[in-house]
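Chains, contacts and geometry: an overview
Chain by chain, the residues run as shown.
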Amino acid sequence: MQQILTFDECALAIVLLFFISVVARREYTTRTNRILIWMLSLVLVTVTADLGAATMNNFVTGGENNIVLAYLFNYVYFAAHNMLLPVYLRYVYSSIDIWHLYRNNRFQHVLWWALVMIDVIVLVLNGSFITVFTITPDVNYVRGPWEIVFYIVAAIFILWIFLALIRYRKYIDSRKLTTLVFLFVVVILGLCIQLLNSRILVECFSIALSVLFFMVMERRSDNQINPITGALKYTSFTDRMTKNSYSQKPISVIFVKVMNNNNLHMYLGLKGHNEFLNFVTQKTGELCRNNDLNTDVYYMENGLYAVVCEDIDEERVAVSAEKIMDVLSRESRFGNLTVMPDVRMCVVFCPQDIHDAPTLFSLGTNFHRTLPDTRQVHYYRDFKDNMEYKVRNDLDEILRRAVANHGFEMYYQPIYSVKEKRFIAAEAMIRLNDPEYGQVPPALFIPAAEINGYIHDIGEFVFEDVIRFIASLDMDRLGLRYIEMNLSASQCIEVDLVDKIRTLMFEHGVESRYVSFELTEAATDMNPEIVDMNIRKLHEFGVQIALDDYGTGYSNIKRTTGLPIDQVKLDKSFVDMIDDPQMCIVIQDTISMFKEMGKEVLVEGVEQEEVARKFSDLDADLIQGCELMQGFYFCRPLPEKEFLEFIEQHR
């Protein structure tokens, strides 16, 4: 008898403790937590009624009022107890985010209600047509033959839960699966013990013990919230979207990117920037809730948010997105400082627009670079079939295929000498031919390669292929002084760059005077010590060094002229501004300045005869001293065979 009461008393203490904890923390805003509250309430009522019934059975010996009270306790016990497994089944579906599969399955709905109603009808008919249990005059509980119905219904729910856990196990992380299975096994064990011996009321204790373990494990999910931003972490988003790609649950995702996030960090400082990030989280969630959207906000780092809505009402999602854009783009004050966030947004509906997690992750990471740079809400469906967008969004995969399958090819654009009136060199330009998208412009794939690291693979290909090509030519007979190759910013800081180039030239028997490397102003600013070392060693080895795209960066004359640069290539922007009288003065002074330093000057992007004439007229005061030109007016970039034919014809 003492053991019976001890089991129920412990169970009551455990369940009451966690029930109060959940209510105090207000953990009932989501559907899953509301079902959890419902389940805890049922456990609390079950344990309380079981304790009351056991007390009456063990300490009361008679009396009509006591018999009525004993009946009441047992009816309440069975009513709450019989609902535990049905509610737990719903909790399983909700907690592993496959509620839509249950909601959309009419058979499961009908079966769930049918089993629940069987328990209700059998309990209501007790004592009239059937006997589930009786209370003797001395207030003892006696089982009836119909009590087995409750166990049969429970067995069906147990089998249902077991099959659901097995069928949808890939949707559940190992921690949660362990928790759900543990709860499942312990409750079954308690149920079996009590079925075999009605005097050992251990079932409620087993339920309470499972709740204890379950709640402790669930508390670990608290660390999924970023304490600074108040949003869920990136890892939670990836886990959820990966599972969602399995279940194909309809959701909508609003990606929000703060483009000037780094500048805001510098301007506001650490504390102010943290306040700003928290403001974005709170305001985004609030605006969605105001439109009755069930929303979770995730912070993906670097100013990127993902707002996941379980609703797919396109009108409400669109209204919420427009409001978010409007509010976040306004001036906001943090402390004594006013900021103007630069926000980009993209809305995607899953699985209609995107049905797999990797594509969704790629969109979230790249949409602000691949979609039009405008302050309006973009919808993925409007762009997903556009070929240019597909190329931009699929650049990582395109580059992977090109590196793996040798999808690169070198083209060569001749360089014209104004003084000698002939072609005296060429610039090597890489091209990418993709089996799915065709030729992809370098302006697209080179920046992407610098971000994802493929630029080093591309550099290796360029060095090898161009030096091989030079070795195959009779440069002197063709009248070619050198072939130029581009050095990216990432390559300029490779410690073994010079050794790599020397080895290739030695293996192919190429003289250093036939090779030229061009680098941009931006490349000279990355890790200056290593860049300077590499450029000086290459120059000492005998190769020519050219400064490419002069005038497009933040030109530091002292920095660029301090390097052993033989040639300066004026960017096409100079050509485009040749008719501006003020810019003419700048162009003239720029060319004169570099000429006085003993450097060759090459003009890029010459596309018209009139422009070519201006830059080739050495007697004109405007551009006196410009030696070299390059552009479509003279020749477009050509593959190897066509380039050789062109040079032979124009020797």
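So, here is what we can say about the structure in this document. Residue positions are given per chain, counted from 1 along the sequence in the order it is written. Predicted model: local features are reported for residues with pLDDT of at least 70 only, side-chain atom pairs are reported and counted for 80 or more only, and whole-chain, interface and lining totals are derived from all residues. Based on all heavy atoms of the structure, the side-chain values leave hydrogens and waters out of the count.

1. Things to note about the overall build of the chain
- Secondary structure elements follow DSSP: runs of H or I of four or more residues count as helices, runs of E of two or more count as strands, with numbering from the N terminus. Counting its regular elements, the chain contains 26 helices and 19 strands.
- Whether a residue is buried, partly exposed or exposed follows from its accessible area with a 1.4 Å probe, protein chains only, as a fraction of its type maximum: under 20%, in between, or over 50%, in that order. The buried share of the chain, taken over its 651 residues, is 51%.
- Contact definition: two residues touch when any of their heavy atoms are within 4.5 Å. Long-range pairs, those at least 24 residues apart, make up 72% of the contacts in the chain between residues at least 6 apart in sequence.
- In this description, accessible areas are obtained by the Shrake-Rupley approach with a 1.4 Å probe, and a residue is regarded as covered only by the protein chains that are shown. Carbon and sulfur atoms make up 57% of the accessible area of the chain, which amounts to about 30500 Å² in all.

2. A look at the packing of helix H16 (residues 455-472) against helix H26 (residues 640-649)
- Fitted lines through C-alpha atoms serve as axes, helices being fitted only where they are in contact, and the angles separating the N-to-C directions of these axes extend from 0 to 180 degrees. At their nearest, the axes of H16 and H26 sit 13 Å apart, and the two run at 35° to each other. Our pair here, H16 against H26, has a crossing hand that is right-handed. Residues Asp 465, Arg 468 and Phe 469 of H16 touch H26, and the partners they reach there are Glu 640, Phe 643 and Leu 644.
- Polarity classes work like this: nonpolar for Ala, Val, Leu, Ile, Met, Phe, Trp, Tyr, Cys and Pro, charged for Asp, Glu, Lys and Arg, and polar for all others, with Gly in that last group. Split into classes, the residues belonging to the contact of H16 with H26 amount to three nonpolar, no polar and three charged. Note: crossing handedness is left-handed where the near helix turns anticlockwise from the far helix by less than a right angle, and right-handed where it turns clockwise.

3. A short note on helix H3 (residues 64-95)
- Here, expected helix span is obtained from the residue count minus one, scaled by 1.5 Å. Across its 32 residues, H3 extends 46 Å between first and last C-alpha, which sits within 8% of the 46 Å expected from 1.5 Å per residue.
- After H3 finishes, the residue Asp 97 shows a positive phi value of roughly 65°.

4. Brief notes about the nonpolar core
- If you look at the biggest cluster of nonpolar residues, it comprises 78 residues, and the most contacted ones within it are Tyr 412, Phe 445, Val 466, Met 485, Phe 517, Leu 538 and Phe 615.
- Here this core takes eight residues from H16, the largest share from any one element.
- Sequence-distant contacts of Phe 517, that is, excluding residues within four places in its chain, are made with Phe 463, Met 485, Leu 487, Ile 501, Leu 538, Val 543, Gln 544, Ile 545 and Ala 546.
- By nonpolar core is meant a set of buried Ala, Val, Leu, Ile, Met, Phe, Trp, Tyr and Cys residues that side-chain atoms within 4.5 Å join together. If you look at the next biggest cluster of nonpolar residues, it comprises 47 residues, including Val 47, Ala 49, Leu 84 and Phe 133.

5. A closer look at the packing of aromatic side chains
- Here the aromatic set is Phe, Tyr and Trp, taking the six-membered ring for Trp, and pairing holds for ring centres within 6.5 Å; pairs whose planes are under 30 degrees apart are stacked, those over 60 apart are edge-to-face, and all others are tilted. Within the structure shown, the criterion is met by 29 aromatic pairs.
- Here the aromatic residues Tyr 71, Tyr 75, Tyr 77, Phe 78, Phe 133, Tyr 141 and Phe 150 are joined through ring pairs into a cluster of three or more.
- Here the guanidinium or amino end of Arg 90 rests over the ring plane of Trp 112, the centre of that ring lying 4.0 Å away. By the criterion adopted, a ring carries a charge over it if an Arg CZ or a Lys NZ lies within 6 Å of its centre and within 35 degrees of its normal.

6. Points about helix H12 (residues 357-370)
- Here H12 is 14 residues long and its end C-alpha atoms lie 18 Å apart, about the 20 Å a rise of 1.5 Å per residue gives.
- All buried positions along H12 are accounted for by Ala 357, Leu 360, Leu 363, Gly 364, Asn 366, Phe 367, His 368 and Thr 370.
- Where H12 is buried, its residues meet helix H9 (234-247), strand E3 (251-258), strand E5 (304-309), strand E8 (343-350) and helix H13 (387-393).

7. A short note on the packing of H9 against H12
- Across the interface, H9 lies against H12 with an axial gap of 9 Å and an inter-helix angle of 140°. With respect to H12, the element H9 is oriented oblique. Across the interface between the two elements, Phe 237, Thr 238, Met 241, Thr 242 and Ser 245 of H9 pack against Ala 357, Leu 360 and Phe 361 of H12. When an angle is under 35 degrees it counts as roughly parallel; over 145 it counts as roughly antiparallel; between 65 and 115 it counts as roughly perpendicular; any other value is oblique.

8. Focus on the sheet that holds strand E4 (residues 295-299)
- Two strands pair under a simple rule: DSSP has to find at least two bridges between them. The five strands lie next to each other as E4-E5-E3-E8-E9, forming an open sheet whose pairing is mixed. Sheet topology places E4 and strand E9 (377-379) at the edges, where each strand pairs with a single neighbour. The mean angle between the axes of side-by-side strands here comes to 20°, regardless of whether they run parallel or antiparallel.
- Sheet strands in contact with helix H11 (residues 314-328) are E3, E8 and E9, and its direction is about 165° off that of E8.

9. Re the pairing of E8
- Counting buried positions along E8 gives eight out of eight residues, so the element sits mostly inside the fold.
- Where burial is concerned, the two faces of E8 agree: the one with Val 343, Met 345, Val 347 and Phe 349 and the one with Arg 344, Cys 346, Val 348 and Cys 350 are both buried.
- Sheet topology note: the E3/E8 ladder contains eight bridges and is antiparallel. Note that in E8 the partner of Val 253 across the bridge is Val 348.

10. Quick word on the state of the cysteines
- Cysteine sulfurs are considered disulfide-paired once they come within 2.5 Å of each other. Under the counting rule described, the total for this entry stands at zero disulfides.
- Unpaired in this structure, Cys 309 has its nearest cysteine sulfur neighbour in Cys 288, at a distance of 4.7 Å.

11. Examining the side chain of Asp 342
- One can find Asp 342 in the loop between strand E7 (337-339) and E8.
- Whenever a nitrogen or oxygen atom comes within 3.5 Å of another N or O atom, the pair is scored as a polar contact, on the condition that within protein one atom can donate a hydrogen and the other can accept it, and that pairs from neighbouring residues in sequence are kept only if both atoms are in side chains. A polar atom in the side chain of Asp 342 sits 3.1 Å from the side chain of Arg 375.
- For Asp 342, the residues in contact, after removing those within four places along its chain, are Lys 257, Val 258, Met 259, Asn 260 and Arg 375.

12. Structural notes on the side chain of Ser 512
- Within the secondary structure layout, Ser 512 lies in the loop between helix H19 (497-508) and strand E14 (515-520).
- Taking relative accessible area as the criterion, Ser 512 reaches 17% and is therefore assigned buried.
- Once residues lying within four places of it in the same chain are set aside, the contact partners of Ser 512 are Met 505, Phe 541, Gly 542 and Val 543.

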